[in-house]
Amino acid sequence: MEEYPEELRTPPVSLVAVVGCPELHAPISTHLHSEHPPINTLALPDLSSNTIASLLPPSSSSSSRSVDDSSSSSASPPVGGILKRDWLLKHRTRVPSVLAALFPSDRISGDPAQWLQVSTDLEYLKAALRGRNIKLVVVVVHSDSTDGINEDRMVAFRKRAEVESKHLISFVLSDASELKQSLERLGSTFAELANAYYRDEGRRIKARIEKKSFSSIELYIRYCFKVAVYAEFRRDWVEALRYYEDGYHGLREMIGMSTRLPAVQRLVEIKSVAEQISFKISTLLLHGGKVTEAVTWFRRHNACYKKLVGIPEVDFLHWDWMSRQYLVFAELLETSFMAGQSTLPAVLGTAEKPLSEWEFLPAFYYQFAAQYLKEKRFSLERELSMMEAVCLDDNSESVVSYVFVGQYARLVEQGDEFALQLLTDEEYIHHALLEGKRFQDSFEIIALLKKSYESYTNLKIPRMASYCAFQMAKEYFAVGDLSNAKKLLDSIAKLYRQEGWVNLLWETLGYLRECSRKQEILEDFVEYSLEMAALPVSSGGVTKSTCRECGPAGPATMSRREVIQKEVFEFVNGKSDLAPTEDANSPRISKDLPLCIEIDLVSPLRVALLASVAFHEQIVKPDLPTLLTVSLLSQLPQTVEIDELEVQFNQSQCNFIIYSAQRHQSAVASNSLPKSRVEVTRALALSANRWLRLSYDVKSGQSGKLECISVIARIGPHFTICCRTESPASMDELPLWKFEDRVETFPTKDPALTFSGQKTIQVEEPDAMVELSLGASGPALVGESFILPVKVTSIGHAIFCGELKINLVDARGGGLVSPREIEPFSMDNHHVELLGIARPEGEDEPQRGADNIRKIQQSFGLVSVPFMNSGDSWSCNLEIKWHRPKLVVVYISLGYSPHCNESTAKVHVHRSLQIEGKSAITISHHVMLPYRRDPLLLSRIRPVPDSDQLISLPLNEKSILIVTAKNCTEVPLQLLSISVEKDDDECERSCCVQHESEGLIFSPLLVPGEEFKKFFSIIPEVNSSKLRMGMVCLRWRRYLEPKEHSGTFSKGVGVLTKHKLPNATVELSPLIVKLECPPYACIGDPFAFFITIQNQTQLLQEIKYSLADSQSFVLSGSHNDIIFLLPKSEHAICHKLVPLVSGLQQLPRVTVTSVRCAAGFQPSVPASSIFVYPTKPNIEMSWSATEEA
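As annotated in an unreviewed UniProt entry, the chain carries the name Trafficking protein particle complex subunit 11 and is attributed to Dillenia turbinata.

Asker: Go over the overall build of the chain, please, and point to the residues and values.
Answerer: Helix and strand content of the chain: 27 helices and 54 strands. Taking all 1189 residues of the chain together, the buried fraction comes to 46%. Long-range pairs, those at least 24 residues apart, make up 74% of the contacts in the chain between residues at least 6 apart in sequence. Accessible surface for the chain amounts to roughly 59,600 Å². Of this, 52% is attributable to carbon and sulfur atoms.

Asker: Let's hear about the sheet that holds strand S34 (residues 951-954): which residues, and what values?
Answerer: Pairing within the open sheet is mixed, and its three strands lie in the order S34-S43-S40. Here the strands that pair on one side only, and so sit at the sheet edges, are S34 and strand S40 (1027-1028). Where S40 lies against strand S43 (residues 1063-1067), two bridges are found, and the strand directions are antiparallel. The partner of Leu-1027 across the bridge, within S43, is Ala-1064.

Asker: Quick rundown of helix H14 (residues 315-335)? Include the residues and the values.
Answerer: Relative to the 30 Å expected for 21 residues at 1.5 Å per residue, H14 spans 31 Å between its end C-alpha atoms, a close match to the ideal helical length. Counting buried residues in H14 gives 16 out of 21 residues, a clear majority hidden from the surface.

Asker: Which residues make up the packing of helix H12 (residues 263-287) against helix H13 (residues 291-305), and what are the values?
Answerer: Closest axis-to-axis distance for the H12/H13 pair is 8 Å, and the angle between their directions is 170°. In terms of their interaxial angle, H12 and H13 are classed as roughly antiparallel. Note that H12 runs across H13; the crossing there is right-handed. When H12 is examined against H13, the residues Ile-270, Lys-271, Ala-274, Ser-278, Ile-281, Ser-282, Leu-285 and Leu-286 are found in contact with a partner set consisting of Val-291, Glu-293, Ala-294, Trp-297, His-301 and Tyr-305. Class assignment for the residues of the contact of H12 with H13 results in nine nonpolar, three polar and two charged.

Asker: Would you mind going over the packing of aromatic side chains in detail, with residue names and values included?
Answerer: Tallied over the full model, the rule gives 38 aromatic pairs. Centroid distance Phe-298 to Phe-329: 4.6 Å. Interplanar angle 15°. Geometry classified as stacked. With a gap of 31 residues between them, Phe-298 in helix H13 and Phe-329 in helix H14 connect regions that are remote in the sequence. Look at Phe-298 and you get buried, because its relative accessible area is 5%.

Asker: Got a sec to walk through the pairing of strand S3 (residues 98-104)? Specific residues and values, please.
Answerer: Of all seven residues in S3, six are buried, a share of seventy percent or more. Pairing of strand S1 (residues 14-19) with S3, which is carried by four bridges, proceeds in the parallel orientation. Opposite Ala-17, over in S3, you have Leu-99 as the bridge partner. One ladder, built from seven bridges, connects S3 with strand S4 (residues 135-142); its direction is parallel. For Leu-102, the partnering residue across the bridge sits in S4 and is Val-139.

Asker: An account of the pattern of salt bridges is requested, with residue identities and associated values reported.
Answerer: Applying the stated rule across the entire model yields 40 salt bridges. Residue Arg-497 is joined to Glu-531 by a salt bridge in which the shortest nitrogen-to-oxygen separation is 2.6 Å. With Arg-497 in helix H19 (residues 482-499) and Glu-531 in helix H21 (residues 522-533), this residue pair connects regions lying 34 residues apart in the sequence. Residues joined in a network through salt bridges with shared partners are Glu-123, Lys-126, Arg-160 and Glu-162.

Asker: Quick one: what's the story with H13, residue by residue and with numbers?
Answerer: For an α-helix, 3.6 residues make a turn, and residues three or four places apart therefore share a direction. In a regular helix each residue adds 1.5 Å, so 15 residues correspond to 21 Å; H13 covers 21 Å between its end C-alpha atoms and thus fits that length. By the burial criterion, the buried members of H13 are Val-291, Thr-292, Ala-294, Val-295, Trp-297, Phe-298, Arg-299, His-301, Asn-302 and Tyr-305. Taken together, the buried residues of H13 touch helix H11 (237-254), H12, H14 and helix H15 (362-386).

Asker: Explain the pairing of S1 residue by residue, including any values.
Answerer: Burial within S1 is extensive, with six of its six residues counted as buried. Along S1, one buried face is formed by Ser-14, Val-16 and Val-18 and the opposite face, lined by Leu-15, Ala-17 and Val-19, is buried too. Looking at chain direction, S1 and strand S2 (residues 39-44) are connected through six bridges and run parallel. From the neighbouring strand, Val-19 faces S2, where its bridge partner is Leu-44. Following the backbone out of S1, through helix H2 (residues 25-33) and into the adjacent parallel S2, one traces a crossover that is right-handed.

Asker: I'd like a rundown of the packing of H14 against H15, residues and numbers included.
Answerer: Between H14 and H15, whose axes approach to 8 Å, the crossing angle comes to 165°. One element, H14, and the other, H15, form an angle in the roughly antiparallel class. The two elements H14 and H15 meet at a crossing, and its hand is left-handed. Each residue belonging to the contact of H14 with H15 can be placed in one class, and the counts come to 16 nonpolar, two polar and seven charged.

Asker: For a nonpolar patch on the surface, give the residues involved together with the corresponding values.
Answerer: Among the surface-exposed residues, Leu-1100, Ile-1122, Phe-1124 and Leu-1126 lie close enough to one another that they form a single nonpolar patch of about 410 Å² accessible area. For Phe-1124, the position within the fold is in strand S49 (residues 1120-1125). Residue class for Phe-1124 comes out exposed when judged on its relative accessible area of 54%.

Asker: Help me get a handle on the nonpolar core, residues and values and all.
Answerer: Among the nonpolar cores identified, the biggest contains 202 residues, and Phe-157, Val-526 and Phe-649 are the most heavily contacted of them. With twelve residues, the top contributor of residues to this core is helix H10 (residues 217-233). When near neighbours in sequence (up to four residues on either side) are disregarded, Phe-157 contacts Phe-103, Ile-108, Trp-115, Val-118, Leu-122, Val-138, Val-140 and Leu-168. The next biggest cluster of nonpolar side chains, apart from the first, holds 31 residues, and it includes Val-792, Met-868, Tyr-896 and Val-907.

Asker: Before we move on, could you go through the environment of Leu-241 and cite the residues and values that matter?
Answerer: Position of Leu-241 relative to the elements: it lies in helix H11. The spacing of Leu-241 and Ile-281 is 40 residues in sequence and 6.1 Å in space, taken between C-alpha atoms. Setting aside chain neighbours within four positions, we find Leu-241 in contact with Ile-281, Leu-284 and Leu-285.

Asker: How would you summarise the environment of Ser-1118 if you had to cite specific residues and measurements?
Answerer: You can see Ser-1118 is positioned in the loop between strand S48 (1113-1116) and S49. Residues Ser-1118 and Tyr-1105 lie 13 residues apart in sequence; the distance between their C-alpha atoms is 9.9 Å. Setting aside residues up to four positions removed in sequence, Ser-1118 forms contacts with Tyr-1105 and His-1135.

Asker: An account of the sheet that holds strand S12 (residues 625-633) is needed here, citing residue identities and associated values.
Answerer: With antiparallel pairing, the three strands of this open sheet are ordered in space as S10-S12-S18. Every other strand in the sheet has two partners, leaving strand S10 (610-615) and strand S18 (692-699) as the edge strands with one partner each. Averaged over all pairs of adjacent strands, the angle between strand axes in this sheet comes to 20°, irrespective of strand direction. Here S12 runs beside S18; their pairing, made up of eight bridges, is antiparallel. Counted as the bridge partner of Leu-632 is Leu-692 from S18.

Asker: Can you break down the side chain of Glu-1067 residue by residue, with the values?
Answerer: The residue Glu-1067 is located in strand S43 in this model. Contacts of Glu-1067, omitting those with residues within four sequence positions, involve Leu-937, Leu-938, Ser-939, Ser-952, Leu-953, Pro-954, Leu-955 and Asn-1023.

Asker: Describe the confidence of the model for the chain, and please don't skip the residues or the numbers.
Answerer: The predicted structure's coordinates, where accompanied by low pLDDT, should not be read in detail. For the chain, per-residue confidence averages 82 on the pLDDT scale, and 85% of positions sit at 70 or higher. Across residues 60-75, where pLDDT falls below 50, the model places eleven contacts with residues more than four positions away in sequence or in other chains. Between residues 847-851, whose pLDDT stays under 50, and residues either more than four places distant or in other chains, the model counts three contacts.

Asker: Can you lay out the side chain of Gln-407 for me, pointing to particular residues and giving the numbers?
Answerer: Looking at where Gln-407 falls in the secondary structure, it is placed in the loop between strand S6 (399-401) and strand S7 (408-414). For Gln-407, a relative accessible area of 2% puts it in the buried group. The contact partners of Gln-407, leaving out residues within four places of it in the chain, are Gly-80, Gly-81, Arg-85, Arg-260, Leu-261, Glu-269, Ser-401, Tyr-402 and Leu-422.

Asker: Break down unusual backbone geometry for me, citing the residues and quoting the values.
Answerer: Here His-36 and Pro-37 are connected by a cis peptide whose omega angle stands at 0°. In this structure, Cys-21 is a non-glycine residue whose phi angle is positive, near 45°. For Cys-21, the location among the structural elements is in the loop between S1 and H2. Accessibility expressed as a relative area gives 9% for Cys-21, which makes it buried.

About the thresholds
- Residue positions are given per chain, counted from 1 along the sequence in the order it is written.
- Totals for whole chains, interfaces and linings use all residues, but because this is a predicted model, local features are given only for residues with pLDDT of at least 70 and pairs of side-chain atoms are given and counted only at 80 or more.
- The basis for every side-chain value is the complete set of non-hydrogen atoms in the structure, without hydrogens or water.
- What counts as a helix is a DSSP run of H or I of at least four residues, what counts as a strand is a run of E of at least two, and both are numbered from the N terminus.
- For each residue, the accessible area found with a 1.4 Å probe, counting protein chains only, is set against the maximum for its type, and the residue is called buried under 20%, exposed over 50%, and partly exposed in between.
- The contact definition used throughout considers only heavy atoms, calling two residues in contact when any of these lie within 4.5 Å.
- Only the protein chains shown count as cover for residues, with accessible areas throughout obtained via the Shrake-Rupley method and a probe of 1.4 Å.
- Here, a strand pair is defined by DSSP locating no fewer than two bridges between the strands.
- Expected span of a helix, by definition, is 1.5 Å for each gap between consecutive residues, and there is one gap fewer than residues.
- Axis definition: a line fitted to C-alpha atoms, over the contacting stretch in the case of helices. Angles run 0 to 180 degrees between N-to-C directions.
- Working definition: roughly parallel below 35 degrees, roughly antiparallel above 145 degrees, roughly perpendicular at 65 to 115 degrees, and oblique for all remaining angles.
- It is the rotation of the near helix from the far one that decides the hand of a crossing: anticlockwise by less than a right angle makes it left-handed, clockwise makes it right-handed.
- Under the convention adopted here, Pro, Cys and the residues Ala, Val, Leu, Ile, Met, Phe, Trp and Tyr are nonpolar, Asp, Glu, Lys and Arg are charged, and Gly plus all remaining residues are polar.
- Planes of paired rings set the category: under 30 degrees apart is stacked, over 60 is edge-to-face and the rest tilted, where pairs are Phe, Tyr or Trp rings (Trp by its six-membered ring) whose centres lie within 6.5 Å.
- Think of a salt bridge as a Lys or Arg side-chain nitrogen and an Asp or Glu carboxyl oxygen that are within 4 Å of each other.
- Crossover handedness is defined by viewing with both strands directed away from the observer: a clockwise path from the first strand over the helix to the second marks the crossover as right-handed.
- Think of a patch as exposed residues, more than 30% relative accessible area, with no salt bridge, where like charges cluster within 9 Å and nonpolar side chains (Val, Leu, Ile, Met, Phe, Trp, Tyr) cluster within 5 Å.
- Among buried residues, those of type Ala, Val, Leu, Ile, Met, Phe, Trp, Tyr and Cys that are joined through side-chain atoms within 4.5 Å constitute a nonpolar core.
- As a per-residue quantity, pLDDT reports the predictor's confidence and falls between 0 and 100.

Encoded structure:
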């Protein structure tokens, strides 16, 4: 599309001319370019008649009248052509639709001389525009808004210019807003007049068409084209499309009728005009979003001209023209707004031939553009080869484009001038051949195919993308760019192998093989040759058309497979070079340049050589032979003679080599037999599609997995094929041979072995003559060091190079480490940790040396076992510590060699023991106030919502902390100490903590499930909203019987368990109520009940108290009263109570209310209870009797 001129590629834009005041041309042009649609400007320097006449084209009125007259006359002169080449450019750059004359206001309102000059300039303008339909606009430029011209002078000026009042525009420069309004007014006037100009011009030409006032079909086509262009100027796309189509249909009728030009040039002109009109129609349809209509139109355009080839001598011009049509439409379709849609439009078209979805893809048209360009190259090369004897040198006279589209002429020198002379067909053919010879079509073809390939790839259409890539690779191959060709062909071959396109793969491999030959890449050449020779190609007949498309490898036939196999094996045996080549020093496989090809499980060369290996057993004892079957299969058409086979295992001592009888004799004669195991067979010959089965015994002395890794086939002295082995039970089919008509056989003679055979076998370990025992008593407790004894006893084997491996594994499958749950009092975040490995007490630690290995990690340990004779024993202790409760499996593995030879396979003994770590002690706490001494705590009475409910303690008052420790295990525990300590990060104690009783005089023993309580008194000394009470530190140890002290568990200083106490709120209690009464009472005996109220504030307190009646007591004294307490004073209230009922009775409930604090409270229920005896008990006597006893 870039070959087209710009005036054809872009829509027409209105053109206006601006004359005078050159300093205003730039802002006016800028404003007009920003309009929608934009307007181009033609700037004329001054108002002189010579300047205007030189820039404007000559008047068309006389020529138009002459054309009309000639068209109506019977003896009209012949028309020179269809479309003038520069007509569209002239109307876009030289013929303005509107001419604007700019006059300064001072010249109009000036003296008579200036007015005379203005009148003269206007006369020049009118004379220059006479005979043309160009509209005139007169602009008066005011430098100031106050610069006015009298009305009479303005009327005279308008009449002199012969314009309407709306076409006389005032242009003000002083104010920015006025300037903007002036520009907008000028732009709207230009748009209106330009539209009127192009409408009038179109009507004038349409009148000729309607009257049919034309003498030839060429004029009809020309008139239709002009009307369509004028409609495009007006943005009337419907009318433009209609007249373009009328002109196109008239052009189709012209074929075979016009004899104005020689036959060849006449067809070239018709196709050139059709190309331009079709381009305009396609552009308009795509611009309007009518993609389906555009595709349908291009199909019709292609059908109209596809068969108009012309004479054979210039048929390359037709194919070049066809290629250009597809290229231009592809670019139009790609740049249109519909090209970016992910979904294709609905498949439409005619009922006879509906549109396919391919026709909506730009890649489709790029592909056909490249195809037609290849046809053009083929035809051009044919014509050039036929004219080798003809001199094609260019003459001194040049050929240039003629006045009309699609015509060419010779530039002839006549004296001092040059004249244009039309060409004859022979001259034009000669010129076309010279032009075609000058261009390199291959690079253009590659560029087109690359666009198509990229488009198909983006749309995820791999097959079409591969087809285009293959065509592109062929072009690269033709121009000698072998690297790019080989890169593309490799990717194509991968797809063809996956999808099984055998014939396409044959052609692709043929090009790859030839690229490798020319690049002298020996390995690739051999691989591609072997793959080609093993393809399942048909043996049908070959036609000339297939020979043309089969590539350098020839047709895909059985004979060609045999030729390729013969050629490649002669090359690997050193009998031939990479022929044909011009280099006499081409590389050859030799001793200095050996070649080895590897075939893995996904290699395409599996069709050339497939190795299957099956052990006849699954498990074997060490040093006992087992049968192994090696099976080879090849799809090469001719028999392959193998000199030797080397079977390799993961245990190199099992490797062996199989010789053919002939090769073995030559090896014996030359004394070149290897030191490894050698087997001899009668012949190693691979026939097509027949398994070669070889069975031999294999013996391994090393325990573990024995795997046959590869089979290496040596063919000739310097060529080997290393084939990775496959198990028959899991062997994949050959994809390309899967659907071929061939006899399928099993790789082994036993079909059962085919379905179960594996290339690996398990070699068992020798029976261990060593006992490994683990001893442990009782569960493991969190925090203590748990000792696990391990004992090794030899009962038949001596132990050399022994190693003991210890692994700690979570029994439930989780990890032993929890990074997100770090221990609160330990930086160690391992739940279970292996602390060390120690020998039992009384045994000396061996000296460090090469044989003494010890590696300890958190969950892994490795320790060397010393040399032991048969009957000896050795033991060690594993020290394990649980940081959290966890069920753990301890795996212990002993590996040793029964002989002093290090190469001897080791024997392993495995033991495991499941140990559960449990929490030994759980600690809880409880805080109580002193008995019958209740403080008024406002935080308890009026709690703050949505806040942490901390324990409330009264300031400087004693509270009781009760700590309870419970044994949660199945073993007895011995408590060593218990205390309340401050936090680690606490600087000073903010409360006093005291033992209510003496410390642990003896270490108490806690049986399973038993609880131990310890009392502490807490006196807060600081008024704080967050008092830190500290933490409880409890030290304990497992209780051991005397006989166990030297056994499994370490005695140590015990295990420290910590329990953090919660924070508390400390506040000053305004009031404290104390209740005083005897410890017990008797029915009928009165007793005193004292209520003491203390004021702990610095303020006078008004106290309301009440004493409720009780059915169990007779009460004397006031039930309700109000008292006033001075600061730091107390008041006691006494009542006499007589019990009426025996048992635990509730004293009359006391309610104390502080008016100042607006809060009241009652003593607790336990503090308000007393036990009433029926009669007075003899407690003192009972106590005395106890003492005497």
